[in-house]
Amino acid sequence: MKEKLYKNYVDDIAHYLRQGKKDNLEKGFGYGQLNEKLASHPKMLWSDKTKNEANFRSLGALNTVTGLNAKYEEKLGAHPGFSHLKTTNGSEYHYIVSMFADVRNSTGLFKKYDPDVVANICRTIQLAAIHTCWYFDGYVHRLQGDGLMVYFGGKGTTKQKAVDNALMAASFISYFVKNDLRNLFEEQGVNRIYTRIGIDFGDDKDTLWHNAGIGECSEVTTTSLHTSLACKMQAQAESNGVVVGDNILSYKSTHKDYFVYKKYKKNGDEQPYVYEIPDEGFRYKQHDFSWEKYLKNHPQIQEDEEGNLVFIGPSIIPNIGVQQNINYLQQNVTGYKPYLK
Amino acid sequence: MLPDINLISNRRFKIRNFQEDKAATLEANPGLRYDGKIDKISRFSGNFYLTNPNGELIESFGIIILIPKMYPNAFPVVVSVNNKIEKTDEFHISKDGEICVEHTYVANKLANASLRLYDFINYYLPRYFSWVLLKQNGITENLQEWGHRDKGTIQVYETLLDTSDKGMIKQFLERYLSAVKIRRNDKCYCGNGRKLKQCHREAALFLKSTSKKIIEKDIALFS
């Protein structure tokens, strides 16, 4: 049987969801101080570096789709292509694809779980999203509560590739939350968590990279209508939905059927455009992105009988960790003999 | 004689009960979760991370560990639950995924002396999974293994008694089984005339951890 792509994350979340509030648990395990210490300083398992790397590697099948051998690398903050602008007063016009992904409805978890359990659940979902973005060459710019802001593209990446990567990452994140986590929350009688994602493309002339803030409290960021709109469109998305700006469609001209025009809702009223500058005749549309259709029609992805995604093509990439640690492995097996009953 | 396995030589703290064992195990193995007890069998699941001395990940392996109810006098059962290792005799895994990390009689001895999960994982899992990775990568020159099933049991007796003389092993087992108690000053069961304490007493004590009914069946292996 093929394993679920996000199995490691799903199993962890299922485990956390089985925890009750501590007050409801039997007390007096009999290991006194150790227990108290654990209770007051619970270990945040999701932050363990080895665990993160192992979970990241567990998504290795995504390499089949990207054609890249993505390596685990903790990166957050200035986009490497524009880091030279940090703490300078320089700026640079350059295109970027901005994505805002938010995990919604986590507040309901507090009714049933202690904060450390809620943290473990939310951070595990967030990490699954981060790791997915890394596979698609995304640069996680900022974490915002339960959400994240990610840039795709930059110097050396074509605009087409950047758009493709952003759409794939958004599709896989939505797939994970919608399909893999679907039953877990319902089984525990907890409101289901869902994602909302907004993506937009800001071309070279529309996107200015520069430093913002001051001293240590600063970051290299973009000022672009389309970065702002990505955030705005994320708020327009349905549960587990992805909304994209009109600019994205020009890079998917042969696949317009994946996009459905969506009116902009503001205070209950529907408006035809997500943004307009009437004097300039600028009117910008947003579209719902049918990510499920996009995944199913991808030439390297199929669905098995159980609805799990199966990847076509070479999926096992040699583990270089083995080659680099041969001596250590040989040392480990000295004198060791496994048996077979 | 079989090499003496000391599982706790590197441990610098005490583990006095299951709760402490569980806490230490989860602390040292961030990939594992404790699932609770089902029919008195404690279950852990998740991933074992094989790391190098610098703490860098070499590979992770999806496993379930079951702790039989006789804990701490029980040898944990490890089941492989992902596709990283083929479920074949070659990799010492049954079709159901149960991994055989040690010969049953050695396992019996360790369990008899009481065995903590923390120590079991620390000792056996890096060895077994290193063995697997080397085998998968075709680096087999230093790999050893017990023969499969009866062949391995014969090898264990041969190593234990330091002989490949089938007649001598058979005689040793027959005399061992008929002895009510292992007395230091009795004649050694191997028949060389020396006292047990000067000859195979350690081997006889080793066998105490395995039931006499099982050893009785083994005699047929040397007939």
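Up top is the structure these notes are about.
Computed from a predicted model, the values in this text were never measured in an experiment.

Criteria and thresholds
- Numbering of residues starts from 1 in every chain and runs along the sequence as written.
- Chain letters start at A and ligand numbers start at 1, both assigned in the order the entries are written.
- Thresholds applied to this predicted model are a pLDDT of at least 70 for local features of residues and 80 or more for the giving and counting of side-chain atom pairs; totals over whole chains, interfaces and linings are not thresholded and use all residues.
- Each helix corresponds to a stretch of at least 4 residues labelled H or I by DSSP, and each strand to a stretch of at least 2 residues labelled E; elements are numbered beginning at the N terminus.
- Counts of 20 or more other C-beta atoms within 10 Å of a residue's own C-beta define buried residues, counts of 12 or fewer define exposed ones, and intermediate counts define partly exposed ones; C-beta atoms are placed from the backbone.
- Whether two residues are in contact is decided by their C-beta atoms, placed from the backbone, lying within 7 Å.
- Remark: nonpolar core denotes a set of buried Ala, Val, Leu, Ile, Met, Phe, Trp, Tyr and Cys residues whose joining runs through C-beta atoms within 7 Å.
- Working convention: axes come from line fits to C-alpha atoms, limited for helices to the stretch in contact. Angles between N-to-C directions cover 0 to 180 degrees.
- Roughly parallel means an angle under 35 degrees; roughly antiparallel, over 145; roughly perpendicular, 65 to 115; everything else is oblique.
- A crossing counts as left-handed when the near helix is turned anticlockwise from the far one by less than a right angle, and as right-handed when that turn is clockwise.
- All amino acids are sorted into three groups, where Ala, Val, Leu, Ile, Met, Phe, Trp, Tyr, Cys and Pro are nonpolar, Asp, Glu, Lys and Arg are charged, and the leftover types, Gly among them, are polar.

### Regarding the overall build of chain B
Inference 1: Each helix and strand in chain B was counted, giving seven helices and five strands.
Inference 2: Listing each helix as α and each strand as β along chain B from the N terminus yields α-β-β-β-β-β-α-α-α-α-α-α.
Inference 3: Overall, the C-alpha framework of chain B stretches about 55 × 40 × 35 Å when taken along its three principal axes.
Inference 4: Across the 223 residues that make up chain B, the buried fraction comes to 38%.
Inference 5: Put simply, of all contacts in chain B between residues at least 6 apart along the chain, 44% involve residues at least 24 apart.

### Points about the nonpolar core
Inference 1: Among the nonpolar cores identified, the biggest contains 71 residues, and A:Val97, A:Met99, A:Ala166, A:Ala170 and A:Ile199 are the most heavily contacted of them.
Inference 2: In this structure A:Ile199 touches A:Val97, A:Met99, A:Ala166, A:Ala170, A:Ala230, A:Val242, A:Val244 and A:Ile248, once residues within four positions along its chain are discounted.

### Considering the packing of helix α5 (residues 115-135) of chain A against helix α6 (residues 159-180) of chain A
Residue and element names in this part refer to chain A.
Inference 1: Contact geometry for α5 and α6: axes closest at 9 Å, N-to-C directions at 150°. When the axis of α5 is compared with that of α6, the two are roughly antiparallel. Where α5 crosses over α6, the handedness of that crossing is right-handed. For the pair α5 and α6, the contacting residues are Ile-125, Ala-128, Ala-129, Thr-132 and Cys-133 in the first and Ala-169, Phe-172, Ile-173, Phe-176 and Val-177 in the second.
Inference 2: Tallied by class, the residues present in the contact of α5 with α6 amount to nine nonpolar, one polar and no charged.

### Re the packing of helix α1 (residues 18-28) of chain B against helix α3 (residues 117-136) of chain B
All names here are of chain B.
Inference 1: At their nearest, the axes of α1 and α3 sit 8 Å apart, and the two run at 35° to each other. When α1 is examined against α3, the residues Asp-21, Ala-24, Thr-25 and Ala-28 are found in contact with a partner set consisting of Leu-117, Tyr-118 and Ile-121.
Inference 2: Class assignment of the residues belonging to the contact of α1 with α3 gives a composition of five nonpolar, one polar and one charged.

### Notes on unusual backbone geometry
Inference 1: Note that the residue after B:Tyr71, namely B:Pro72, is joined by a cis bond; omega there is 5°.
Inference 2: For B:Pro72, the position within the fold is in the loop between β3 (57-67) and β4 (77-80).
Inference 3: Positive phi outside glycine occurs at A:Thr87, with the angle close to 55°.
Inference 4: For A:Thr87, the location among the structural elements is in the loop between α4 (62-66) and β1 (91-93).

### As for the interface of chain B and chain A
Inference 1: At the interface, 45 residues of chain B touch 33 residues of chain A.
Inference 2: It is α3(B) that contributes the most residues to the side of chain B that touches chain A, seven residues altogether.
Inference 3: When the residues that make up the side of chain B that touches chain A are grouped by side-chain class, the tally is 17 nonpolar, 20 polar and eight charged.

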